[in-house]
Amino acid sequence: MTEAGVTARENAGVADTGDDVVVLTLTLGDQLCGVPVLGVRDVLAGQAIARIPLAPVEVAGNLNLRGRIVTAIDLRERLRLPPRAAGAPSMSIVTEQGSELYALLVDHVSEVVTLRRHAMEPNPPTLPAIWTDHSQGIYRTDQSLLVVLDVERLLQIDVAAAA
Amino acid sequence: MDDLLAEFLTETNESLAELDLALVKLERAPDDQATLGLIFRLVHTIKGTCGFLGLPRLEHVAHAAENVLGRVRDRELAATPPVISAVLAALDRIKLIVAGLAAAGAEPGGDDSGVITALERVASGDAPEAAPALESETVESAAAEPQAAEAVMNVQSIRVAVDVLEELMTLVGELVLTRNQLLQISRAEGTSAFSAPLQRLSHITTDLQEGVMKTRMQPIGNAWNKLPRLVRDLAHETGKKIALDMHGQETELDRQVLELMRDPLTHMVRNSADHGLEGPEARRAAGKPELGRIRLNAYHEGGHIIIEVADDGRGLDAEKIREKVLSKGLATEAELAAMSEAQIRAFIFRPGFSTAAAVTAISGRGVGMDVVRSNIERIGGTVELASTLGAGTCFTIKIPLTLAIVSALIVRSRGERFAIPQISVLELVRVGGGAGAGTSMAIETIGHTPVLRLRDQLLPLVTLGDLLQLNETDAVSSNATVVVTAVGSGMLGIVVDDVYDTEEIVVKPVAPILRHVTMFSGNTILGDGSVIMILDPNGVARSAGISTSRSQRNEADASLKAERSGDGMSLLLFRAGGDGAPRAVPLGLVARLEDIGRDKIERTAGGFVTQYRGKLMPLISMDDAASASGATQPILVFAEGERCMGLMVDEIVDVVHDKLTMQLGSGSNGLLGTAVIAGQATDVLDTGYWLTRAWQDWFGGAVSAASRRQRLLVVEDSDFFRQMLVPTLAAAGYDVTAAGSGAEALRLRDGGLIVDAIVSDIEMPDMDGLEFARHVREGGAWAALPMIALTGRGAPADEVRGREAGFTDYCQKFERDGLLASLRHCLTEQVLA
């Protein structure tokens, strides 16, 4: 009976203005990525994740965020990157979709940056499909290229293929 | 105003609003059985309630409307606009009376004979001229209605949306979990400045939790309060003497559960009074006191509520039910012969079944026990029936206390913890692992299948760690615990490493991406903050390849009809031929399982025979030698008409429910091929081969060995009949393809499937058999094929309609011989043509 009722909570006062995209940057291996900051509810570090038997490989497990159960998705598995070294630290970005909470497991979360929309580049054609499928665009920054991830599509896990 | 009346008005107004919508929907889609069923039930309920409240005007109008709807439901009358108009006019009249009732507290005076006559005319079939007259009649009175209806809503308490309560419940659940975490930390830290405030916080949280729970809990007496009056009125109406004893009114349960239980309980009490109890003379004659008793009892039992509705009446007569089942075509004589009395009695829960010989105003229209059961099952409850002829009937309903918080057993398997809902746990058995277990019970294996001999039963076991593919992390403990769970009507033992204790857990649904793992019914957070999965024993049983719909307790049960349960079919697993490899045969093909004494097996020139039921039955062995061990020989009996044969096997292993997908063809005679059944490669028996070994002409020459097997398409929506038909037809030598609906069949046609004949059910949802036949005849590859209709009813009018739609022949659903004869006839005719 308890369909986890969700209270719409106010997001932080950061917003996209017409030309700019505000993203939270993160790293996966050597790659700098970003997720739109508006969709981020929490950033967690050092959470205990309970593994779920028979779950798709991308699903790292469940974690308890202040009494709510959050499904953790390992972005390394999701993007077919080599697994994290055993014992290496990880952080998670909590996001909400369809009144369910998900935690995106990444190596490290850095900062909130504003990207100019005109600095966006199209996906290079040689980029593997797994990246182009989940990218909203690639931005040039001072140091390196940053891939803005499409969170909604990252969370669409093909259950049939995984099962 | 009387509470009872106020409640009736609220309910009736809701029903009427729903009815308006549903009727308009029905007019647009006259074949929509679901809508029709809904309308019929709503009108039936209104009529029933009016009868008890002493509202004759309403009752008469509703009764007339119900008669019309009953005929529409039985397809004796089409839901044409005039028919719908007449029913709508009756509803308008009901609304008018209800409005008057709300204003004055009594039925207003007036004459309804116009409406009723119009309905009767529609019911008898001459509809057209009825409608216009009605409309004009009701228009002038409609104006008075709106203001009067407002008066109904004299509210006594605040109505709070269920959503708000749900939200509160969720928040409290979270608060409780957080509190538990804080307490755990505080215990670890010893005394600190936080201890005292934390203690207070804890108390307040507990009170708050109870408070919120209380907003949803109501004593079950609330659902019973109109029953005494109902029983009193019933007693008057039927001339019986009835006493209603109620126990445990104060038993509280969740409001939502209570609401859903109200109607089923009313129905059941009504049934007990009307059908269950005898009249005073009959009771005297039976040596019972004149006063019949109906006893209602409610009590808590481990996280759920048991409600008993018992009477000391005549009891359910299994023989009468049997006749009724036969006359209604719900089962065949042969099926019934194999059933126990309890199974036959369970037919009263089937849709369309009603034991009252006459349709009375009280009950007996076949809405009732099926609705009761579906309502109870919708909230995760079960209903059981016990009856002794002449001594009474007792229904036992078991429902969860609340749907949000359950008591669960926390278990550990290979380092991971899981919760198993207490409601399905029957007992815990400690077993010594492997060797060296002295006194405790031990797990035994049949082949590689672990079982536990628990008292006199063989309990199938699954090892949780294996099923969930958990890694062997720590050393396997030498002890294990078997959690004996109730699955469907059988039992399953789940082997775990350790059992902790029980905990009240807040059930949270699993994330959508995990829904495909049906072994979990949800997840929860424990007091220490960790997240664990809640196991669904039924899901576990399904994953382990065990059918949950029927008992696994007794192998003799295996000869009974398998019940419908999702995809796949019931397969009998056995070993034969001395090599110990598992073999399977569809259970539907096996007539009986027998164990015959080895001394009863005789050798003749033609092979082994035994005397079976007064005749000689040939016995066939898969390896041409009678296996020597043991005093008895297990055999599978295949029967058809007068003839039967026995297949000697080494051992009957199990009955499993699984999909039969042949993965490897077979080179050897007598085996169809190999399929994975219950996770094991299993040879599937080619029954046809063995039958012809016993009787060369088993198939009566219908298919000579050389000729191509003729291909059939079976279109049947019910899993049960499909499962019954496919093996039957396959055994008769046809290649059978099955489709679950007309649409699916047409897709197969468009996909290029070639068949020689089509056998189709008539009554199917969405596209019925007649429509399907018309589609087939319209053109395409199948346009000229013989089509045989299967129907539960054999009215000549139906047959004419069937033939008009394009069916070649019409067969009774349960007449196997008739169907086979018709197929032979149709197919030979086609060859000759």
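Please read these numbers as outputs of a predicted model, since none were measured by experiment.

(A) Representation of the overall build of chain A within the structure. Helix and strand counts for chain A come out as four helices and 11 strands. Counting all 163 residues of chain A, 45% fall into the buried class. A sequence separation of at least 24 residues applies to 54% of the contacts in chain A between residues at least 6 apart. Summing over all exposed atoms, chain A offers an accessible surface of approximately 8,100 Å²; the carbon and sulfur share of this is 51%.

(B) Structural context of the overall build of chain B. Broken down by element type, chain B carries 25 helices and 35 strands. Across the 833 residues of chain B, 50% fall into the buried class. Considering only contacts within chain B whose residues lie at least 6 apart along the sequence, 65% involve residues at least 24 apart. By element, 53% of the accessible surface of chain B is carried by carbon and sulfur atoms, the whole surface being about 38,100 Å².

(C) Quick look at the pairing of strand β33 (residues 757-761) of chain B. Residue and element names in this part refer to chain B. β33 sits mainly inside the fold: five of its five residues count as buried. A two-sided burial pattern is seen for β33, the buried positions comprising Ala757, Val759 and Asp761 on one face and Ile758 and Ser760 on the other. Relative to strand β34 (residues 787-791), β33 is paired through four bridges, and the arrangement is parallel. Bridge pairing in β34 places Asp761 opposite Leu790. Note that the unit made of β33, helix α23 (residues 769-778) and β34 has a crossover that is right-handed.

(D) Focus on the nonpolar core. Formed by 55 residues in total, the largest nonpolar core has its most connected members in Leu149 of chain A together with Phe418 and Val483 of chain B. Per-element tally for this core: the top contributor is strand β1 (residues 20-28) of chain A, with four residues.

(E) View of the environment of Gln181 of chain B. In this fold, Gln181 of chain B is placed in helix α8 (residues 162-189). Sequence separation of Gln181 of chain B and Gly527 of chain B is 346 residues, and the distance between their C-alpha atoms is 5.9 Å. Filtering out sequence-adjacent residues up to four positions away, Gln181 of chain B remains in contact with Asn64 of chain A together with Gly527, Asp528 and Gly529 of chain B.

(F) How the structure looks around helix α11 (residues 227-238) of chain B. Residue and element names in this part refer to chain B. Here α11 contains 12 residues, and its C-alpha end-to-end distance of 16 Å stays within 8% of the 16 Å for a straight helix at 1.5 Å per residue. Of all the residues in α11, the buried ones are Leu227, Leu230, Val231, Asp233, Leu234 and Ala235. Among the structural elements, α2 (33-53), α10 (221-224), β2 (242-247), α12 (255-276) and β4 (292-301) are those in contact with the buried residues of α11. At the C-terminal side of α11, Gly239 shows a positive phi close to 70°.

(G) Structural view of the interface of chain B and chain A. The interface is formed by 38 residues belonging to chain B together with 30 residues belonging to chain A. Overall, the association of chain B and chain A removes approximately 2,700 Å² of surface from exposure, summing both partners, and the carbon and sulfur fraction of that is 63%. Broken down residue by residue, the surface that chain B buries against chain A is led by Ile513, His516 and Val531 of chain B, which jointly contribute 23%. The interface formed by chain B and chain A contains one salt bridge. When the shortest N-O distance is used, the salt bridge between Glu416 of chain B and Arg51 of chain A registers 2.8 Å. Listing elements by their share of the side of chain B that touches chain A, those giving two or more residues are α8, β9 (416-421), β17 (520-525) and β18 (531-535) of chain B.

(H) Up close: the sheet that holds strand β7 (residues 392-400) of chain B. All names here are of chain B. Taken in spatial order, the five strands make up an open sheet running β2-β4-β5-β7-β6, and their pairing is mixed. For this open sheet the edge positions go to β2 and β6 (382-388), each flanked by a neighbour on one side alone. Going from strand to strand, the sheet's axes swing by 15° on average, the running direction of each strand aside. Relative to strand β5 (residues 304-311), β4 is paired through eight bridges, and the arrangement is antiparallel. Its bridge partner lying in β5, His300 is registered against Ile305. Lying over the sheet, α11 contacts β2 and β4, oriented at roughly 165° with respect to β2. Across the face of the sheet, α12 comes into contact with β2, β4, β5, β6 and β7 while running at roughly 15° to β5.

(I) Looking closely at the pattern of salt bridges. According to the stated counting rule, one finds 31 salt bridges over all chains in the structure shown. With a closest N to O distance of 3.0 Å, Glu66 of chain B and Lys47 of chain B form a salt bridge. Here the residue Glu66 of chain B occupies a position in helix α3 (residues 56-73), and Lys47 of chain B occupies one in helix α2, the gap between them amounting to 19 residues. Classification of Lys47 of chain B by relative accessible area gives buried; the value is 1%. Here Asp74 of chain B makes a salt bridge to Arg73 of chain B, at a shortest N to O gap of 4.0 Å. Asp74 of chain B sits in the partly exposed class, given a relative accessible area of 36%. A relative accessible area of 25% means that Arg73 of chain B is categorised as partly exposed. Overlapping salt bridges, with partners in common, bring together Asp74, Arg76, Arg84 and Asp107 of chain A in one network.

(J) The arrangement of the packing of α8 of chain B against helix α9 (residues 195-216) of chain B in detail. Residues and elements named next belong to chain B. One can describe the packing of α8 onto α9 by two numbers: an axis separation of 10 Å at closest approach and a directional angle of 155°. By the criterion of interaxial angle, the relationship of α8 to α9 is roughly antiparallel. Considering the relative orientation of α8 and α9, their crossing is left-handed. Across the interface between the two elements, Leu165, Glu166, Leu168, Met169, Val172, Leu175, Val176, Arg179, Leu182, Leu183 and Ser186 of α8 pack against Leu198, Leu201, Ser202, Thr205, Thr206, Leu208, Gln209, Val212, Met213, Thr215 and Arg216 of α9. Split into classes, the residues belonging to the contact of α8 with α9 amount to 13 nonpolar, six polar and three charged.

(K) Expanded view of the confidence of the model for chain A. With 85% of its residues at a pLDDT of at least 70, chain A reaches an overall mean of 80. In this model residues 1-16 of chain A is a low-confidence stretch, pLDDT under 50, and it forms 33 contacts with partners more than four residues away in sequence or in other chains.

(L) The arrangement of a nonpolar patch on the surface in detail. Residues and elements named next belong to chain B. A surface patch of nonpolar side chains, about 380 Å² in accessible area, is lined by Ile158, Val160, Val164 and Leu168. Secondary-structure assignment places Val164 in helix α8. Residue Val164 is classed as partly exposed on the basis of its relative accessible area, which comes to 42%.

(M) Structural detail: α8 of chain B. All names here are of chain B. Here α8 spans 41 Å end to end across 28 residues, near enough to the 40 Å set by a 1.5 Å rise per residue. By the burial criterion, the buried members of α8 are Leu165, Glu166, Met169, Thr170, Val172, Gly173, Glu174, Val176, Leu177, Arg179 and Leu183. Residue Gly190 follows α8 closely and has a positive phi angle near 75°.

(N) Examining the environment of Glu416 of chain B more closely. Its place among the elements puts Glu416 of chain B in strand β9. For the pair formed by Glu416 of chain B and Gly465 of chain B, sequence separation is 49 residues and the distance between their alpha carbons is 8.9 Å. Here Glu416 of chain B is in contact with Arg51 of chain A together with Val411 and Leu470 of chain B, once residues within four sequence places are set aside.

(O) A look at the side chain of Asp74 of chain A. Residue and element names in this part refer to chain A. Along the polypeptide, Asp74 turns up in strand β5 (residues 68-74). Engagement of the side chain of Asp74 in a polar contact is seen with the side chain of Arg84, the distance being 3.4 Å. When neighbours within four sequence positions are excluded, Asp74 is seen to be in contact with Glu58, Ala60, Arg84 and Leu105.

(P) Just the confidence of the model for chain B, in detail. Residues and elements named next belong to chain B. Per-chain confidence: chain B averages 75 in pLDDT, with 80% of residues scoring 70 or above. Confidence, expressed as mean pLDDT per element, reaches its minimum in chain B at helix α6 (residues 130-142) with 41 and its maximum at β9 with 90. Overall, residues 434-439 carries pLDDT values under 50, and its contacts beyond four positions in sequence, including any with other chains, amount to one contact. Model confidence for the complex: the whole-complex pTM is 0.42, and ipTM, which rates the interface, is 0.79.

Cut-offs and rules
- Residues numbered from 1 in each chain as written.
- Chains lettered and ligands numbered in written order.
- Predicted model: local features only at pLDDT ≥ 70, side-chain atom pairs only at ≥ 80, totals over all residues.
- Heavy atoms only, no water.
- Helix = DSSP H or I, 4+ residues; strand = E, 2+ residues; numbered from the N terminus.
- Buried < 20%, exposed > 50% of the residue type's maximum accessible area, 1.4 Å probe, protein only.
- Contact = heavy atoms within 4.5 Å.
- Areas by Shrake-Rupley, 256 points an atom, 1.4 Å probe, with all protein chains shown as cover.
- Pairing = 2+ DSSP bridges.
- Right-handed = clockwise from strand over helix to strand, strands pointing away.
- Core = buried A, V, L, I, M, F, W, Y, C linked by side-chain atoms within 4.5 Å.
- Expected span 1.5 Å × (residues − 1).
- Buried area = accessible area lost by both parts, 1.4 Å probe.
- Salt bridge = Lys/Arg side-chain N within 4 Å of Asp/Glu carboxyl O.
- Axes fitted to C-alpha atoms, helices over the stretch in contact; angles between N-to-C directions.
- Parallel < 35°, antiparallel > 145°, perpendicular 65-115°, else oblique.
- Left-handed = near helix turned anticlockwise from the far one by under 90°.
- Nonpolar A, V, L, I, M, F, W, Y, C, P; charged D, E, K, R; others polar.
- pLDDT = per-residue confidence, 0-100.
- Patch = residues over 30% accessible without salt bridge, like charges linked within 9 Å, V, L, I, M, F, W, Y side chains within 5 Å.
- Polar contact = N/O pair within 3.5 Å; in protein donor to acceptor, adjacent residues only side chain to side chain.

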